[in-house]
Amino acid sequence: MSILVENLTHLYSENTPLEVVALDEISLEIEPGEFIGIIGQTGSGKSTLVQHFNGLLKPSQGKIYLEGQDINLKGVNLRLIRQRIGMIFQYPEQQLFEETVFADVAFGPRNLGLKEDEISQRVEEALSLVGLDFIQVKDRSPFQLSGGQRRRVAIAGVLAMKPDYLILDEPTANLDPGGRDEILALLEQLNRGEKVTIILVSHSMEEIAQVVNRLVVIHQGKIITAGSLFDVFSQEGKLEEIGLSLPQITILMHRLRQAGKQIAADIFTPEQAVKEIISRIRGKNYV
Amino acid sequence: MFRNMIIGQYIPRESQVHHLDPRIKILSVIFILTGIFLIKSPYGYLFLTLFSLFLVRVSQIPAKLFAQSLKPIVWLLAFTIFFHFFLTEGKELFKLGPLVVTEEGIRRGVAMGWRLLLLIIYSSLLTLTTSPLALTDGLESLLSPLKKIGLPAHELAMMITIALRFIPTLLEEAEKIMKAQTARGMDFSQGSLMKRVQALIPLLVPLFIGAFRRADELATAMEARCYRGGVGRTRMKELQAHFSDYLSLALVLIIIGLAIWVNRYGNWSA
């Protein structure tokens, strides 16, 4: 019961002089309920990888299984797979096209052939999940909304399809810190509350460290390392080699440890750091 | 899906054809294309065909790519030859049911087909060996004498450059939007004609909005850098024709001259 990727290779412009190996023998399993991060530099192949999960791209070699089912076999209903594996692209607000917010969010459910009352119920749910007021926005044009609101409408458009897995490609690009935190909080809520498996593609360690429980590092189409945040972040040298740095707070904690302070090694967010430092100071004074 | 489309099909190589002054190349192609229509003798066509093979060889561009550029006109070619074969009056050779094949028909069909092939090969030679930028630079330079009668040569060239520059960007964006809508359960390739046309709305609306946004941003960026048209504008790379460029043009003219001269030995398109 998972998304299973086996020896996936993807070539762009296959059999032409411009052929590029975008993915090279990738194998990966994504378990239900996980919150997994896929990190890599621009052009590392991370977006190409996730577009295979719901059949938007076909592998040059290798297979992708959704719960044991090879999704690229003939006769597989890809629409069903795309309902189960939702995909939110970078700058999703650029895909809005309908006259009203309601119609745009309803686009996905409508393609699934749902009944009108089911559709409007789902639209209402999805909009409230992303923190928009259904009554207030439903009849407005998506193009009258602010950038952040437009992005949330676009995300609601995918959530309304009720996917079991949700792939997000750089969902916080171009958002201010407030907007970013809201999106990340929404993802955590979806993962914990709605039991949606989340696959977050990003190039920002800071962001990924805040939310994921497993991390896959991709470089030049290959998986460099994968594992828990702790496992991955302990390979600082390897990450730096491919141009990725640890979250600043983790670097700071490493320095404190090097300076002889008693600090836990698995600190990846400022919140954790504050807690840890306070408890260390208190420990010293009060024990 | 759009990745394999050849548009602005420039293939960078370090050949003599690539290094020719773009103006010389444009002029040569214009002369050759005019020549093709003046030539009536099969010997002339043969002559130009050999010359094109020579240029293809020198340009270091794989012949496969030329074959690819012929693909879009295969049907045009087939129809042209077909109609000339059967609809030309003259000496009857044989009959296929109600259709009469004449000697003149075969000659004319072959001549027209051959002409079309030559037209495509020579114009592909230009676009395959000249970067779009060099091409518009050359065009601007060639058109600049017409500025005196009010033709905005620089603005035209700039428009072409910008249009060419944005084709890949828009294709990329179209691909992305299509994927995004496909992920939302849209199907672009199935259903009745009406359904497929409707399926274009979720693609075209975001695409147009994106194009207008980009145009706006580009205009601002150009104004911010004080762009105000061609007057008094200097360039980093001035086009300069060398002796070898003139020599090439002379060679082309001689070849065309010879090809037209052999008209006296046979006329296939009368």
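Keep in mind that this is a model prediction, so the values were computed, not measured.

J.: So what about the overall build of chain B? Which residues, and what values?
T.: Helix and strand counts for chain B stand at 11 helices and two strands. Computed over C-alpha atoms, the radius of gyration of chain B comes to 24 Å, more than 25% over the 18 Å expected from 2.2 N^0.38 for 270 residues, which places it beyond the range of a compact globule. Expressed along its principal axes, the backbone C-alpha trace of chain B runs to roughly 65 × 60 × 40 Å. The buried share of chain B, reckoned over its 270 residues, is 21%. Within chain B, contacts between residues separated by at least 24 positions form 77% of all contacts whose residues are at least 6 apart in sequence.

J.: Please provide a residue-by-residue account of the overall build of chain A, values included.
T.: Scanning chain A from terminus to terminus reveals 12 helices and 10 strands. Rg of the C-alpha trace for chain A: 21 Å, near the compact-globule value of 19 Å for 287 residues, within the 12% margin. In terms of its C-alpha atoms, chain A occupies a principal-axis envelope of roughly 65 × 50 × 35 Å. When burial is assessed residue by residue, chain A has 40% of its 287 residues classed as buried. By sequence separation, contacts in chain A at least 24 residues apart represent 62% of the contacts at least 6 residues apart.

J.: Explain the interface of chain B and chain A to me, and be specific about the residues and the numbers.
T.: Each partner contributes residues to the interface: chain B has 18 residues there, and chain A has 22 residues. Contributing elements (two or more residues each) for the side of chain B that touches chain A: helix H8 (153-183) and helix H10 (201-224) of chain B. The element best represented in the side of chain B that touches chain A is H8(B), accounting for seven residues. Taken together, the residues of the side of chain B that touches chain A break down into eight nonpolar, five polar and five charged.

J.: Tell me what's going on with the sheet that holds strand E1 (residues 3-12) of chain A, and back it up with residues and numbers.
T.: All names here are of chain A. The strand order across the open sheet built from four strands is E2-E1-E4-E5, with neighbouring strands paired in antiparallel fashion. The sheet is open, and its two borders are formed by strand E2 (20-30) and strand E5 (69-70), each paired with just one other strand. Where E1 and E2 come together, seven bridges link them in antiparallel fashion. Residue pairing in the sheet places Leu-11 in a bridge with Val-21 of E2.

J.: Any chance you could break down the domain arrangement of chain A for me, citing the residues and the numbers?
T.: Considered domain by domain, chain A is made up of domain 1 (1-76 + 164-177 + 186-234), domain 2 (94-162) and domain 3 (247-287). One C-alpha centre belongs to domain 2 of chain A, the other to domain 3 of chain A, and the line joining them spans 43 Å.

J.: Got a sec to walk through the environment of B:Val252? Specific residues and values, please.
T.: Residues and elements named next belong to chain B. Structurally, the position occupied by Val-252 is in helix H11 (residues 243-261). Residues Val-252 and Ala-183, 69 residues apart in the sequence, show an inter-C-alpha distance of 54 Å. Filtering out sequence-adjacent residues up to four positions away, Val-252 remains in contact with Ser-28, Phe-31 and Ile-32.

J.: Explain helix H6 (residues 103-129) of chain B residue by residue, including any values.
T.: Residue and element names in this part refer to chain B. For H6, with 27 residues, the first-to-last C-alpha span of 39 Å sits near the 39 Å given by 1.5 Å per residue. By the burial criterion, the buried members of H6 are Gly-105, Arg-107, Arg-108, Gly-109, Ala-111, Trp-114, Leu-118, Ser-124, Leu-125, Leu-128 and Thr-129. At its buried positions, H6 is contacted by helix H1 (16-19), helix H2 (22-38), helix H3 (42-59), helix H4 (63-70), helix H5 (74-87) and strand E2 (99-102).

J.: So what about the nonpolar core? Which residues, and what values?
T.: Nonpolar side chains tend toward joint burial in soluble globular proteins. Counting 78 residues, the largest nonpolar core has A:Ile38, A:Val105, A:Ala156, A:Ile167 and A:Ile199 as its most contacted members. If one sorts the elements of this core by residue count, helix H6 (residues 147-159) of chain A sits on top with six residues. Membership of the second largest hydrophobic core comes to 12 residues, among which are B:Ile36, B:Ile39, B:Leu48 and B:Ala259.

J.: Please give an account of the packing of H2(B) against H6(B) that cites residues and values.
T.: All names here are of chain B. Across the interface, H2 lies against H6 with an axial gap of 10 Å and an inter-helix angle of 180°. Taken together, the axis directions place H2 and H6 in an arrangement best described as roughly antiparallel. Residue-level contacts link Lys-25, Ile-26, Val-29, Ile-32, Leu-33 and Ile-36 of H2 to Arg-115, Leu-118, Leu-119, Tyr-122, Ser-123 and Leu-126 of H6.

J.: Could you give an account of the packing of H3(B) against H6(B), with specific residues and numbers?
T.: All names here are of chain B. As a packed pair, H3 and H6 sit with axes 11 Å apart at the nearest point and diverge in direction by 25°. Classified by the angle their axes make, H3 and H6 are roughly parallel. In this structure, H3 crosses over H6, and the sense of that crossing is left-handed. Of H6, the residues touching H3 (which contributes Tyr-45, Leu-48, Thr-49, Ser-52, Leu-55, Val-56 and Ser-59) are Trp-114, Leu-118, Ile-121, Tyr-122, Leu-125 and Thr-129. Per-class residue counts for the contact of H3 with H6 are nine nonpolar, four polar and no charged.

J.: Mind laying out the pairing of strand E1 (residues 92-96) of chain B, listing which residues take part and the relevant values?
T.: Residues and elements named next belong to chain B. Little of E1 is tucked away: zero of the five residues are buried. Sheet topology note: the E1/E2 ladder contains four bridges and is antiparallel. Note on E2: the bridge partner recorded for Leu-96 is Leu-99. If you look at the hairpin formed by E1 and E2, you'll find two residues sitting between the two strands, and Gly-97 has a positive phi there, around 60°.

J.: Please set out unusual backbone geometry residue by residue, giving values where relevant.
T.: Phi angles above zero are rare outside glycine, and A:Glu25 is one such case at about 55°. Note on placement: A:Glu25 falls in strand E2. By C-beta crowding, A:Glu25 is classed as partly exposed, having 14 other C-beta atoms within 10 Å. Phi at B:Gln60 takes a positive value of approximately 60°, unusual for a residue other than glycine. Among the structural elements, B:Gln60 can be located in the loop between H3 and H4. When the 14 C-beta atoms within 10 Å are taken as the criterion, B:Gln60 is described as partly exposed.

J.: Talk me through the confidence of the model for chain B; I want residue IDs and the actual numbers.
T.: In low-pLDDT segments, the atomic positions of the prediction should not be examined closely. All names here are of chain B. For chain B, per-residue confidence averages 87 on the pLDDT scale, and 96% of positions sit at 70 or higher. Per-element confidence in chain B is highest for H2, whose mean pLDDT is 94, and lowest for E1, whose mean pLDDT is 78. pLDDT under 50 marks residues 1-7. Its contacts with residues more than four places away, or in other chains, come to nine contacts. Predicted complex metrics record ipTM = 0.86 and pTM = 0.75.

Conventions adopted
- Residues numbered from 1 in each chain as written.
- Chains lettered and ligands numbered in written order.
- Predicted model: local features only at pLDDT ≥ 70, side-chain atom pairs only at ≥ 80, totals over all residues.
- Helix = DSSP H or I, 4+ residues; strand = E, 2+ residues; numbered from the N terminus.
- Rg over C-alpha atoms; globule rule 2.2 N^0.38 Å.
- Buried ≥ 20, exposed ≤ 12 C-beta atoms within 10 Å, placed from the backbone.
- Contact = placed C-beta atoms within 7 Å.
- Nonpolar A, V, L, I, M, F, W, Y, C, P; charged D, E, K, R; others polar.
- Pairing = 2+ DSSP bridges.
- Domains from an automatic or database assignment.
- Expected span 1.5 Å × (residues − 1).
- Core = buried A, V, L, I, M, F, W, Y, C linked by C-beta atoms within 7 Å.
- Axes fitted to C-alpha atoms, helices over the stretch in contact; angles between N-to-C directions.
- Parallel < 35°, antiparallel > 145°, perpendicular 65-115°, else oblique.
- Left-handed = near helix turned anticlockwise from the far one by under 90°.
- pLDDT = per-residue confidence, 0-100.

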